[in-house]
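Residues per chain are reported as follows:
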Amino acid sequence: MSRDSLLRVERVTKAFDGLVALSEVSLEVRPGQIKGLIGPNGAGKTTLFNLIACCLAPSAGDIVFCGRSLVGLPPHRAAELGIARTFQNVQVFPGMTVLEHVLVGLHRQARAGLAACALQTVRLRRTERRLREEAEALLDRLDLLPWAEVPVETLPFGLLRRVELARALAVRPKLLLLDEPGSGLNPTEKQAMSQLVRGLRDEGITVFLVEHDMTMVMGLADEVAVLDHGSLLCEGPPQQVQRDPRVVAAYLGEGDDA
Amino acid sequence: MMARAWGRTWFLAAAAVAAVGGVELAWPGTVARLTRGLVSADLLIRAGLFTVVLVGLNLLMGYAGQASLGQAAFYGLGAFASAIFTVRAQALGIPPSVAGAWWWPWLVMLLAAVAVGAFALGVGWVILRLRGHYLAMATLGLGIIVYIVLRENLGLPHLNLTGGFDGIVGVPRLRVGGAELWPVQVYYFVVWAAALGAMALGLNVVHSPAGRALRALHGSELAAESVGVDVGRLKAQIFALSAALASVAGSLYAHFQAAVVPDTFGFVPSLELVVMSAVGGMSSIWGAPLGALAVLLLEQLLRTHVLGFVPAVSGELEPVVFGLMLVVIMMFWPAGLVSSRRVQGAVWASR
Ligand SMILES: Nc1ncnc2c1ncn2[C@@H]1O[C@H](COP(=O)(O)OP(=O)(O)OP(=O)(O)O)[C@@H](O)[C@H]1O
Ligand SMILES: [Mg+2]
């Protein structure tokens, strides 16, 4: 494995009770690339993301990010190290506005303990003003500014995916994990999302994404990895992966996918 | 520190509190006369004490979404700490020059709050990993354990520190310098200063990154963690803050009542606190004084107009009435009194 990888997954196995969701998976994500992860339903894609984000611990193997092992860290530490994510089933904070979602994403930057918050120190208020400006700038970039003060539960689904993305970007991630960013979006929204992701990559954010829409992944990704039944089937440039007979077989066996 | 969006409403509340207190100070008993005996100075003081507890409980339940059915335990720990370290100072080997000083009870109050907060931090670290019903069960258990420990003399009967069933009598009044903060009309100001202070503290938290993080983890712990919120730590911290506030209220209660008994801090009082929180509106700091006043008034009404006619069962009926109120509120008015338009018009002017 090359030394210039941002993320290295090394022979990772994850078992849930009896069920082996991932078995000896090894792959790497290099800085500045958009890496795609595909595979039939239940292949273990989300499980792999949960492991990288430290929401789950691997049963065996190691996950190395920026040269340090993530195994055993709590999820908030992964965020601190520069790993941000969105969720396959959108996870928003009901009752909170779009702007507040981004402000929660900026939480780490506030560096405010409960005591400072309870006493509303002058420093805290200055920070708060700065965070608000930063949050608005981020919303502006994602064309969410018109909805800044709107509670999320009133938004259409397509916008929720973007709110999640805005919240994740607030972490200023080095690595962005996107779990099916296109699902539930209409073709126009998908195109806008692809455009956005490319823009992020051009800014230097490394993107690792799971996506079922083949046109979308193949158009976006510099490299694609394929999971099937918890094992890595193959890895390579999109065109090559698409033609790989094993991949075709895996998807044919699935039937309703792609 | 007060120049926040909520500042105006808070100052209005403070002015109202001061006005009522001023009238009572000048013409004692006025409020009782005007309300035909319904509102006494005693009721107003108890409302202030509960407000302090409820600010913490609302942060914990309404904002962080963590149910506590044992909050009266922390209230009781504060009350007993103050009672034990003032009344039993001599037996504990505290020199009279210290125990007799005017600042001693205040120092005890402060140290008790810190100790109770630290205790809650430790306990919270463990039990706040539990979710939903399990958490409610754990806090319920904690409340019962603390109650029994107080009743059973901390397991050290020969020292008789808590006085067992009978509790402790003769808790001294608070003083500043040589001046005793008494009668009731004066103590009212002490208690409501604490209540307004607690509310300011609570409103500060709500309108801060920590408040946002609390609401966020209430909505999705997974997502909150994913952006770097240390969910476990924040939950334990807010649990500790709520416990420390309850402890201060307990200390103020002990010096008000001059006597403490374990029964004041058992399960029914914990339930009463949850009912107050729900009635006022647990997702608002303003729900704290509203809920406390509303429930105390209702209890007073029941006591004088309804239960008075069936004296034999009145004591047993209280928990039943609380339970019923909780069910009715949850069914018809889940957001509590603060959600009412009229209350919002009057109180919710900030934001
Ligand atoms: N927390 C869990 N407990 C038990 N089993 C789980 C858990 N999470 C995932 N699994 C199982 O692990 C396997 C892989 O699931 P995973 O969600 O990773 O698949 P996926 O590739 O993301 O599928 P999809 O395309 O449907 O999102 C499935 O069989 C699933 O049922
Ligand atoms: Mg998935």
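This text goes with the structure placed above it.
Each value, and the rule that gives it
Counting of residues starts from 1 at the beginning of each chain's written sequence and follows it residue by residue. Lettering for chains starts from A, numbering for ligands starts from 1, and both go in the order in which the items are written. Only residues with pLDDT of 70 or above have their local features reported here, since the model is predicted, and side-chain atom pairs are shown and tallied only from 80 upward, although totals for entire chains, interfaces and linings are computed over all residues. With hydrogens and water set aside, each side-chain value is computed from the structure's full complement of heavy atoms. Under the scheme used here, helices are H or I runs from DSSP no shorter than 4 residues and strands are E runs no shorter than 2 residues, and both carry numbers assigned from the N terminus. For the radius of gyration, the atoms used are the C-alpha atoms, and the globule rule reads 2.2 Å times the number of residues raised to 0.38. In this scheme, a residue with accessible area under 20% of its type's maximum is buried, one over 50% is exposed, and one in between is partly exposed, where area comes from a 1.4 Å probe on protein chains only. Any residue with a heavy atom lying within 4 Å of a molecule or strand is counted as near it. Any N or O atom pair separated by 3.5 Å or less is treated as a polar contact, with the protein-specific requirement of one donor-capable and one acceptor-capable atom, and with residues adjacent in sequence counted only for side-chain atom pairs. We get accessible surface area from the Shrake-Rupley algorithm with a probe of 1.4 Å; when it comes to residues, only the shown protein chains can shield them. Here a residue-residue contact requires only that any non-hydrogen atoms of the pair lie within 4.5 Å. Any carboxyl oxygen of Asp or Glu that lies within 4 Å of a side-chain nitrogen of Lys or Arg is treated as forming a salt bridge with it. Charged residues are taken to be Asp, Glu, Lys and Arg, nonpolar residues to be Ala, Val, Leu, Ile, Met, Phe, Trp, Tyr, Cys and Pro, and polar residues to be all remaining types, Gly included. In this listing, donors mean N, O and S atoms no farther than 2.8 Å from the metal, or 3.2 Å for Na, K and Ca; water is missing from the atoms, so a site can look incomplete. Here the aromatic set is Phe, Tyr and Trp, taking the six-membered ring for Trp, and pairing holds for ring centres within 6.5 Å; pairs whose planes are under 30 degrees apart are stacked, those over 60 apart are edge-to-face, and all others are tilted. Here, a charge over a ring is recorded when the distance from Lys NZ or Arg CZ to the ring centre is within 6 Å and its angle to the ring normal is within 35 degrees.

1. Focus on the overall build of chain B
From N to C terminus, chain B includes 15 helices and four strands. Taken against the 2.2 N^0.38 rule, which gives 20 Å for 351 residues, the C-alpha radius of gyration of chain B at 20 Å falls within 12% of a compact globule. If one aligns the C-alpha atoms of chain B with their principal axes, the spans along those axes are about 55 × 50 × 50 Å. Residue burial in chain B is summarised as follows: out of 351 residues, 53% are buried.

2. Points about the site of ligand 1
All names here are of chain A. In the vicinity of ligand 1 there are 13 residues, among which Lys45, Thr46, Thr47, Gln88 and His212 approach most closely. A distance of 2.8 Å separates an oxygen atom of ligand 1 from a polar atom in the side chain of Lys45. Thr47 is positioned such that a nitrogen or oxygen atom in its side chain is 2.6 Å from an oxygen atom of ligand 1. Its free accessible area being 640 Å², ligand 1 has 61% of it covered by the protein chains. Among the secondary structure elements, those contributing two or more residues to the shell around ligand 1 are β2 (19-29) and α1 (45-52). Broken down by element, the residue count for the shell around ligand 1 peaks at three residues, all from α1.

3. A look at the interface of chain A and chain B
Each partner contributes residues to the interface: chain A has 32 residues there, and chain B has 28 residues. Summed over the shared surface of chain A and chain B, the result is two salt bridges. A salt bridge links B:Arg212 to A:Glu128; the shortest N-O distance between them is 2.7 Å. Only α2 (75-81), β6 (83-85), α3 (98-105), α4 (107-110), α5 (114-119) and α6 (122-141) of chain A provide two or more residues apiece to the side of chain A that touches chain B. Across the side of chain A that touches chain B, the residue classes break down as 19 nonpolar, six polar and seven charged.

4. Quick word on the environment of A:Gln240
Of note, A:Gln240 is situated in helix α10 (residues 238-243). With 17 residues separating them along the chain, A:Gln240 and A:Glu223 place their C-alpha atoms 9.6 Å apart.

5. What about the coordination of the magnesium ion (ligand 2)?
All names here are of chain A. Donor atoms from the polypeptide that bind the magnesium ion (ligand 2) are Thr46 (OG1) and Gln88 (OE1), placed at 1.9 to 2.1 Å. Within this pair, whereas Thr46 is found in helix α1, its partner Gln88 is found in the loop between β6 and α3, the two being separated by 42 residues in sequence. Under the relative-accessibility criterion, Gln88 is labelled partly exposed at 29%.

6. Overview of the packing of aromatic side chains
Here a ring pair, both rings aromatic, is described through the centre-centre distance and the interplanar angle of the planes. According to the stated counting rule, one finds 13 aromatic pairs over all chains in the structure shown. With a centroid separation of 5.8 Å and an interplanar angle of 50°, the aromatic rings of B:Tyr75 and B:Tyr253 are classed as tilted. You can see B:Tyr75 sitting in helix α4 (residues 71-87) and its partner B:Tyr253 sitting in helix α11 (residues 231-257), a full 178 residues away along the chain. Comparing B:Tyr75 with B:Tyr253 shows no difference in burial state: the two are buried. Ring centres 5.6 Å apart and planes at 55° place the aromatic pair B:Trp182 and B:Tyr187 in the tilted group. Overall, the relative accessible area of 0% leaves B:Tyr187 in the buried class. The ring centre of A:Phe93 lies 4.9 Å from the NZ or CZ of A:Arg167, which sits over that ring. Sitting over the face of the ring of B:Trp182, B:Arg173 holds its NZ or CZ atom 3.6 Å from the ring centroid.

Read these as geometric descriptors, not functional statements.
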